[in-house]
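Observations on chain architecture
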Amino acid sequence: MAGETVITIVGNLTADPELRTTSAGAQVASFTIASTPRSWNRNTNQFEDGQALFMRCSAWRDLATHCAQSLAKGMRVIAQGRLQQRSYQANDGSQRTVIELQVDEIGPSLRYATAQVQKMQSGGYQGGNANGGGYQQPQQAQQQSQAPADDPWSAPAEPEF
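Quick look at the structure, then. Everything quoted here is computed from the prediction, not taken from an experiment. (Residues numbered from 1 in each chain as written. Predicted model: local features only at pLDDT ≥ 70, side-chain atom pairs only at ≥ 80, totals over all residues. Heavy atoms only, no water.)

So, on to the overall build of the protein chain. Tallying secondary structure elements over the protein chain gives two helices and eight strands in all. In the protein chain, the succession of helices and strands from N to C terminus is β-β-β-β-β-β-α-β-β-α. By residue count, 25% of the 161 residues in the protein chain fall in the buried class. A sequence separation of at least 24 residues applies to 54% of the contacts in the protein chain between residues at least 6 apart. (Helix = DSSP H or I, 4+ residues; strand = E, 2+ residues; numbered from the N terminus. Buried < 20%, exposed > 50% of the residue type's maximum accessible area, 1.4 Å probe, protein only. Contact = heavy atoms within 4.5 Å.)

Set out below in structure tokens:
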């Protein structure tokens, strides 16, 4: 990732993620995050919305499936990824350039909501540890058999004193 522009954006999904499969068989989810800055106006004693940023996003492979299963229109999310720029020729012959966020990590914002997280059981790369790091919907977790003995997610955390 050297030399790439990594950003984090917090905002709301403008629509449900759209899941597609490429001709090569890879899954991709496309969605837009609307991020609107707010500032306090001392003269009116209220918050005022600034100009919204609508960031087009894409998530690939397992992350695409997880986004489509877990996220919905209106949800507040936190996404981190790499800005990608691509140019193409439009139908009218004009040259166009778009900037898109290729999402590496995404999840619900817990500022105004709660979430239940379930560990994903799959053979794919799940992050930096051997125990994985992905998630799945609760109904899928109920179908799983007993977790392995060395799985730190399988036992409740013990309080630290």
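With that out of the way, let us pick up the nonpolar core. Side chains of a nonpolar character, in soluble globular proteins, are inclined to be buried together. Phe31, Ile33, Cys57 and Leu101 are the most contacted members of the largest nonpolar core, which has 15 residues in total. When residues of this core are traced back to their parent elements, those giving at least two are strand S1 (6-13), strand S3 (27-35), strand S6 (53-60), helix H1 (61-70), strand S7 (76-89) and strand S8 (95-108). Once residues lying within four places of it in the same chain are set aside, the contact partners of Ile33 are Ile9, Gly11, Asn12, Leu13, Leu53, Phe54, Met55, Cys57, Val77 and Ala79. (Core = buried A, V, L, I, M, F, W, Y, C linked by side-chain atoms within 4.5 Å.)

For the rest of this paragraph, the subject is the state of the cysteines. This structure, assessed with the given rule, holds zero disulfides. Cys57 takes part in no disulfide bond, and the closest cysteine sulfur to it belongs to Cys67, at a distance of 9.1 Å. (Disulfide = S-S within 2.5 Å.)

Once that is clear, we can look at the environment of Arg82. Inspection of the secondary structure assignment puts Arg82 in strand S7. A distance of 2.7 Å separates a polar atom in the side chain of Arg82 from a polar atom in the side chain of Asp104. (Polar contact = N/O pair within 3.5 Å; in protein donor to acceptor, adjacent residues only side chain to side chain.)

Time to look at H1. In an α-helix, one turn spans 3.6 residues; hence positions three or four apart end up facing the same way. Burial in H1 covers these residues: Ala64, His66 and Cys67. Across the axial projection of H1, the buried residues extend over an arc of 165 degrees, all falling on one side. On its buried face, H1 is in contact with strand S2 (18-21), S3, S6 and S8. (Arc of directions from axis to C-beta.)

As a further point, take the side chain of Ser35. When you line up the elements, Ser35 lands in strand S3. Setting aside chain neighbours within four positions, we find Ser35 in contact with Ile9, Val10, Gly11, Gln51, Ala52 and Leu53.

Okay, the packing of aromatic side chains next. Within this structure, the stated rule accounts for one aromatic pair. Ring geometry for Trp40 and Phe47: centres 5.0 Å apart, planes at 75 degrees, overall edge-to-face. (Phe/Tyr/Trp six-rings, centres within 6.5 Å; stacked < 30°, edge-to-face > 60°.)

This part is about the pairing of S6. Inspection of the sheet shows S3 paired to S6 by eight bridges, in the antiparallel sense. Bridge pairing in S6 places Ala29 opposite Ala59. Summarising the sheet, S6 and S8 pair through two bridges and their orientation is parallel. Its bridge partner being in S8, Ser58 is matched across the sheet by Gln102. (Pairing = 2+ DSSP bridges.)

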